[in-house]
Amino acid sequence: MNKNRLDEIIDEKQELFIAASDQIWNYAETKFQEVQSAETLCLLLAKEGFEIEKGIAELSTAFVATFGSGSPVVALLGEYDALSGLSQKAGVAHKEAIVEGGNGHGCGHQLLGTGSLAAAVAVKKYLEENHIKGTIRYYGCPGEEGGSGKAFMARAGVFDDVDVALTWHPLSYNAVWSTYFLANYQVAFKFHGKSAHAASAPHVGRSALDAVELMNIGVNYLREHIIQEARVHYAVTNTGGVSPNVVQAEAEVLYLVRAPKLNQVQEIYERVCDIAKGAALMTGTVCEIIFEKACSNYIPNLRLEQLLHANLQEVGVPQLDEAEKNFAQEIKSTLSEQDLNNDLHMAELLMGKQDPELLSLIKNQEVSDVILPYAHAASLLPGSSDVGDVSWIVPTAQFSVACNVMGTPGHSWQMVAQGRAGLAHKGMLIAGKVLARTALDVFWHPGVVAEAKNELKQTLGGECYVSPIPPEVKPKFSEQ
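### With respect to the overall build of the protein chain
Thinking step 1. Check the secondary structure of the protein chain and you find 16 helices and eleven strands.
Thinking step 2. Scaling as 2.2 N^0.38, a compact globule of 480 residues should have a C-alpha radius of gyration of about 23 Å, and the protein chain matches this with 23 Å.
Thinking step 3. Dimensions of the protein chain along its principal axes, counting C-alpha atoms only, are 80 × 50 × 45 Å.
Thinking step 4. Counting across all 480 residues of the protein chain, residues that qualify as buried make up 58%.
Thinking step 5. In the protein chain, the proportion of contacts linking residues at least 24 apart, taken out of those at least 6 apart, comes to 81%.
Thinking step 6. Of the charged side chains in the protein chain, 37 are positive and 57 negative, and the gap between their average positions amounts to 3 Å.

Here you go:
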């Protein structure tokens, strides 16, 4: 088994991968609208000899690219959606939008999707050259940000015949993610009232905006009475207009409820619904509850994580040139002490322990050149991912490579500004090599699949995957 050959293939084609990543960064398409981004990846995969199936799971921008046949079936998961309101010029260390209010890749999914693709291309070439049987698949997964694309795909059964799933995420750390994530529900609450002249006939009107405000106040009081690991977020998405002399007849608020387990999310969700109904009663309005999406909690897999960690150590971490170091210093100067401390806390969670000496070393670096110590099922990360739904169905593992300056907040202009930098490209290519090597381990050692599957079965303890998204719920498409 010559893993170095995988690295060679990725290095030979690196300009293709970098160009694809930068194109997707330019498109910056939000959830389920990633038409050009998905097509960029599909065209590249088709040229490399993959069979493409588009529009899977009733998602027009979801696809599967397949090469080979038979077992094992190894899935590499890719994402390519951006975030709204984060438009930002690349390569500058100050906040400057390309388009005011436009979209931007504030979570690095242009790198995520292309890095996984690089791995798929390398593995496919290696299987061909060495006449190895099995199937390599690239899953194009849209709408991770606020859409739970993989959860809809999981509900449709597209992962059911997969043996192993692997993915990664650009961050400011080099680490295997052996942590738990929060499950979540995203639900819209629409209030329907009655408009009226706010001065001459306020008694005739029924304010939907009042209902939204009362609901939000009620949920704020609820926060004291839920488990401390839970999170409840909201955004008022419709205030009913801009005329204060009109009683607002329509208003809407979007809620995201998170907790470690789905049954905990369900319990909190039911209480939030009761508050919404109470707000409607208080205001004489009607409340419409619209379930949008959900994510399951993530199930770590020790066997696969050990392989990822070993391959990450073999490949190593990004090495910066002088210009890249200078840009990193400029970006770091824009970050606060709180930003940095929050990032260091993430390192503690990934390691599952405090290590003052290591944290002090990392804190003083512009870009981390450390591979964090591996700890299985280390802790609970206070975030969510639709990778969780995949992990209930098939043994799954994920990791991160440093593609950003230490302290860079997720979903920030600084993250977008670094998205086309040399560090980002180098981290993406390293991630591709680590994924490719780990996939090859699975092809080369048949026992890995059985071990990983047996571990998942034992971890679930008799539970099986049930989609948290009701069957009648369709994906909520965002507007570009």
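### Describing the pattern of salt bridges
Thinking step 1. Applying the stated criterion across every chain yields a total of 20 salt bridges.
Thinking step 2. Lys 89 is the partner of Glu 96 in a salt bridge, and the nearest nitrogen-oxygen pair spans 2.8 Å.
Thinking step 3. We classify Glu 96 as partly exposed; its relative accessible area is 29%.
Thinking step 4. On the basis of relative accessibility, which here comes to 34%, the residue Lys 89 falls in the partly exposed class.

### Some points on the sheet that holds strand S11 (residues 396-402)
Thinking step 1. Strand order in this open sheet of seven strands is S1-S2-S4-S3-S5-S11-S6, and the pairing throughout is mixed. Because the sheet does not close on itself, it has two edges, and the strands there are strand S1 (51-54) and strand S6 (175-176).
Thinking step 2. Of the strand pairs in this sheet, S1 and strand S2 (residues 63-69) are connected by four bridges, and their pairing is antiparallel. Among the inter-strand pairings, Ile 52 is bridged to a residue of S2, identified as Ala 65.
Thinking step 3. Lying on the sheet, helix H4 (residues 109-130) is in contact with S2, strand S3 (73-78), strand S4 (134-140) and strand S5 (164-171); it crosses S5 at an angle near 140 degrees.

### Some thoughts on a nonpolar patch on the surface
Thinking step 1. Taken together, the side chains of Leu 214, Ile 217, Tyr 221 and Met 282 present a nonpolar region at the surface, about 450 Å² in accessible area.
Thinking step 2. If one sorts the elements of the nonpolar patch by residue count, helix H7 (residues 208-222) sits on top with three residues.
Thinking step 3. Position of Met 282 relative to the elements: it lies in helix H8 (residues 262-283).

### Some details on the sheet that holds strand S8 (residues 231-238)
Thinking step 1. Overall, antiparallel pairing links the four strands, which are arranged S8-S9-S7-S10 in an open sheet. Bordering the open sheet on either side are S8 and strand S10 (286-295), each of which pairs with just one other strand. Each strand axis lies, on average, 20 degrees off the axis of its neighbour in the sheet, ignoring direction.
Thinking step 2. One ladder, built from seven bridges, connects S8 with strand S9 (residues 250-259); its direction is antiparallel. Considered in S9, the bridge of Ala 235 is made with Leu 254.

### Some words on the packing of helix H9 (residues 302-315) against helix H15 (residues 422-444)
Thinking step 1. Viewed as axis vectors pointing N to C, H9 and H15 meet at an angle of 130 degrees, and their least axial separation amounts to 9 Å. Judged by the inter-axis angle, H9 sits oblique to H15. As H9 packs across H15, the resulting crossing turns out to be right-handed. Along the contact surface, H9 presents Leu 307, Leu 308, Asn 311, Leu 312, Glu 314 and Val 315, while H15 presents Ile 430, Lys 433, Val 434, Arg 437, Thr 438 and Asp 441.
Thinking step 2. Split into classes, the residues belonging to the contact of H9 with H15 amount to six nonpolar, two polar and four charged.

### With respect to the state of the cysteines
Thinking step 1. The final tally for this structure, using the stated rule, is zero disulfides.
Thinking step 2. Looking at Cys 42, it has no disulfide partner, and the nearest cysteine sulfur is the one in Cys 141, 12 Å off.
Thinking step 3. Assessed through its relative accessible area of 5%, Cys 42 is described here as buried.
Thinking step 4. We note that Cys 273 lacks a disulfide partner, and the nearest cysteine sulfur, in Cys 287, lies 7.6 Å from it.
Thinking step 5. Cys 273 gets classed as buried once you look at its relative accessible area, which sits at 7%.

### Focus: the pairing of S2
Thinking step 1. Where S2 meets S4, seven bridges bridge the pair, whose relative direction is antiparallel. From the neighbouring strand, Thr 66 faces S4, where its bridge partner is Arg 137.

### Digging into the packing of helix H2 (residues 14-27) against helix H3 (residues 35-47)
Thinking step 1. At their nearest, the axes of H2 and H3 sit 9 Å apart, and the two run at 165 degrees to each other. Regarding the angle of H2 to H3, the classification is roughly antiparallel. The interaxial crossing formed by H2 with H3 has right-handed handedness. The segment H2 lies against H3, with Leu 16, Phe 17, Ala 20, Gln 23, Ile 24 and Tyr 27 engaging Gln 36, Ser 37, Thr 40, Leu 41 and Leu 44.

### Notes on the packing of aromatic side chains
Thinking step 1. Counted under the stated rule, the structure contains twelve aromatic pairs.
Thinking step 2. Where Phe 63 meets Tyr 80, the ring centres are 6.1 Å apart and the plane angle is 20 degrees; that geometry is what we call stacked. Taken as a pair, Phe 63 in strand S2 and Tyr 80 in the loop between S3 and H4 lie far apart in primary sequence, 17 residues in all. Residue Phe 63 shares its accessibility class with Tyr 80, and that shared class is buried.
Thinking step 3. Taking 5.5 Å as the distance between ring centres and 75 degrees as the angle between the ring planes, the aromatic pair formed by Phe 181 and Tyr 298 counts as edge-to-face. Taken together, the positions of Phe 181 in the loop between S6 and strand S7 (183-192) and Tyr 298 in the loop between S10 and H9 put the pair 117 residues apart, joining distant regions of the chain.
Thinking step 4. Overall, the relative accessible area of 6% leaves Phe 181 in the buried class.
Thinking step 5. We note Lys 124 situated over the ring of Phe 67; from NZ or CZ to the ring centre the distance is 5.2 Å.

Thresholds applied
Residues numbered from 1 in each chain as written. Predicted model: local features only at pLDDT ≥ 70, side-chain atom pairs only at ≥ 80, totals over all residues. Heavy atoms only, no water. Helix = DSSP H or I, 4+ residues; strand = E, 2+ residues; numbered from the N terminus. Rg over C-alpha atoms; globule rule 2.2 N^0.38 Å. Buried < 20%, exposed > 50% of the residue type's maximum accessible area, 1.4 Å probe, protein only. Contact = heavy atoms within 4.5 Å. Lys, Arg positive; Asp, Glu negative; His and termini not counted. Charge placed at Lys NZ, Arg CZ, Asp CG, Glu CD. Salt bridge = Lys/Arg side-chain N within 4 Å of Asp/Glu carboxyl O. Pairing = 2+ DSSP bridges. Axes fitted to C-alpha atoms, helices over the stretch in contact; angles between N-to-C directions. Patch = residues over 30% accessible without salt bridge, like charges linked within 9 Å, V, L, I, M, F, W, Y side chains within 5 Å. Areas by Shrake-Rupley, 256 points an atom, 1.4 Å probe, with all protein chains shown as cover. Parallel < 35°, antiparallel > 145°, perpendicular 65-115°, else oblique. Left-handed = near helix turned anticlockwise from the far one by under 90°. Nonpolar A, V, L, I, M, F, W, Y, C, P; charged D, E, K, R; others polar. Disulfide = S-S within 2.5 Å. Phe/Tyr/Trp six-rings, centres within 6.5 Å; stacked < 30°, edge-to-face > 60°. Lys NZ or Arg CZ within 6 Å of the ring centre and 35° of its normal.

Distances and angles like these do not, on their own, reveal function.
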